[in-house]
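Descriptive structure summary
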Amino acid sequence: MNFQFYCPQNHLLQADSSQAGTIIACPICGTQFVVPAPPPQAVAVPVVTPVVTPVSQPGVSAPSVSGNSLDFGSSPSRKSGKGQNLNELFGGGGSPKADTSESSQEANPFAMINEKKEREQKKNDALEIKSKLEGATKAPPKAEELELVHIPCPKGHVLDVDKDMLGERVQCPVCHSVYDLKLENSLEYIRERKAAEDREEARLGKIWIVRAVIAGVLLLLFLIFLICT
């Protein structure tokens, strides 16, 4: 007998009940997994319609019979616990939607695994974005603090130099030029010095702008004073 099931990637497949417990590959995504056991077959249970003999009591109306179910909606006893128990006994209680959702979750055993993977993926993405933001806002290390610097030879060939090799005399492996390894000649030190010079020029430029504004204001006040006098 054929039955339906889901692969780990949530693809709906169909197999014979004799293949339960065997390892197969999903024809859609290629994932290998064990075929689950087929669900148990439902056994038909005969439905017996209860026969209720209405009893006339003062102030209590008899329940109405419609088809194979009883309706206690018009009875005042529905508001009491006894009426609610009768409705639940004859199929009036419960939530079919909740039962349907629970049965669908039981029919798909990989849904919980996929949800867990999605939560872990979102968590990893958030941590990656956070680390990138921290790296972008963090100030770069100074040339003296670096373990590896890049120093060009007199002909422009860049050599990766360890911090412990600074001050030694070496030969370029490309052009065979002999030169001294100095931190002042490294690309990192030159870049850092240029950035410091740019910051200093910007600071001096702001100072001169402020001074020019103050001088202009004083000159304007002096002209106004001359005109008024």
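At Asn 10, a position not held by glycine, the phi torsion is positive, near 70°. Here Asn 10 shows up in the loop between β1 (2-6) and β2 (12-16). Even without a glycine there, the phi angle at His 176 is positive, about 65°. Mapping His 176 onto the fold places it in the loop between β9 (169-171) and β10 (178-180).

All told, the structure shown has 1 aromatic pair when counted by the stated rule. Seen from the ring of Trp 208, Arg 211 lies directly overhead, with NZ or CZ sitting 5.2 Å from the centre.

Here we come to the pattern of salt bridges. On inspection of all chains with the given rule, the structure shows 3 salt bridges. Residues Asp 198 and Lys 194 are paired through a salt bridge, measuring 3.4 Å at the closest nitrogen-oxygen approach. Of this pair, Asp 198 and Lys 194 both sit in helix α4 (residues 187-228), 4 residues apart, roughly one helical turn. Arg 203 is paired through a salt bridge with Glu 200; the nearest N and O atoms lie 2.5 Å apart. A residue pair is termed a helical-turn pair when its members lie 3 or 4 positions apart in one helix, as Arg 203 and Glu 200 do in helix α4 at 3 residues. Residue class for Arg 203 comes out partly exposed when judged on its relative accessible area of 43%. For Glu 200, a relative accessible area of 36% puts it in the partly exposed group.

Time to look at the nonpolar core. Residues Val 149, Ile 151, Cys 153, Val 161, Val 170, Cys 172, Cys 175, Tyr 179, Leu 181 and Leu 183 constitute the largest nonpolar core, which totals 10 residues. When neighbours within four sequence positions are excluded, Val 161 is seen to be in contact with Glu 147, Leu 148, Val 149, Ile 151, Leu 166 and Leu 181. Among the nonpolar cores identified, the runner-up in size contains 8 residues, and Phe 3, Ala 15, Cys 26 and Phe 33 belong to it.

Attention now moves to the confidence of the model for the chain. When pLDDT is averaged across the chain, the result is 74; 66% of the residues are at 70 or more. Ranking the elements of the chain by mean pLDDT puts helix α1 (residues 81-89) last with 47 and α4 first with 91. Confidence drops under pLDDT 50 across residues 72-87; counting only partners more than four residues distant or on other chains, this segment forms 18 contacts. Taken together, the stretch residues 92-98 has pLDDT below 50 and engages in 3 contacts with residues farther than four places along the chain or on a different chain.

So, about the pairing of strand β8 (residues 158-162). The sheet contact formed by strand β7 (residues 148-152) and β8 spans 5 bridges and is antiparallel. Along β8, the bridge assignment pairs His 150 with Asp 160.

Time to look at the pairing of β1. The side-chain alternation of β1 yields one buried face, formed by Phe 3 and Phe 5, and one unburied face, formed by Asn 2, Gln 4 and Tyr 6. As defined by bridge partners, β1 adjoins β2 across 5 bridges and the pair is classed as antiparallel. Residue pairing across strands places Phe 3 opposite Ala 15, the latter belonging to β2. Hairpin remark: β1 followed by β2, antiparallel, with 5 residues in the connecting loop; positive phi at Asn 10, about 70°.

Cut-offs and rules
Residues numbered from 1 in each chain as written. Predicted model: local features only at pLDDT ≥ 70, side-chain atom pairs only at ≥ 80, totals over all residues. Heavy atoms only, no water. Helix = DSSP H or I, 4+ residues; strand = E, 2+ residues; numbered from the N terminus. Phe/Tyr/Trp six-rings, centres within 6.5 Å; stacked < 30°, edge-to-face > 60°. Lys NZ or Arg CZ within 6 Å of the ring centre and 35° of its normal. Salt bridge = Lys/Arg side-chain N within 4 Å of Asp/Glu carboxyl O. Buried < 20%, exposed > 50% of the residue type's maximum accessible area, 1.4 Å probe, protein only. Core = buried A, V, L, I, M, F, W, Y, C linked by side-chain atoms within 4.5 Å. Contact = heavy atoms within 4.5 Å. pLDDT = per-residue confidence, 0-100. Pairing = 2+ DSSP bridges.

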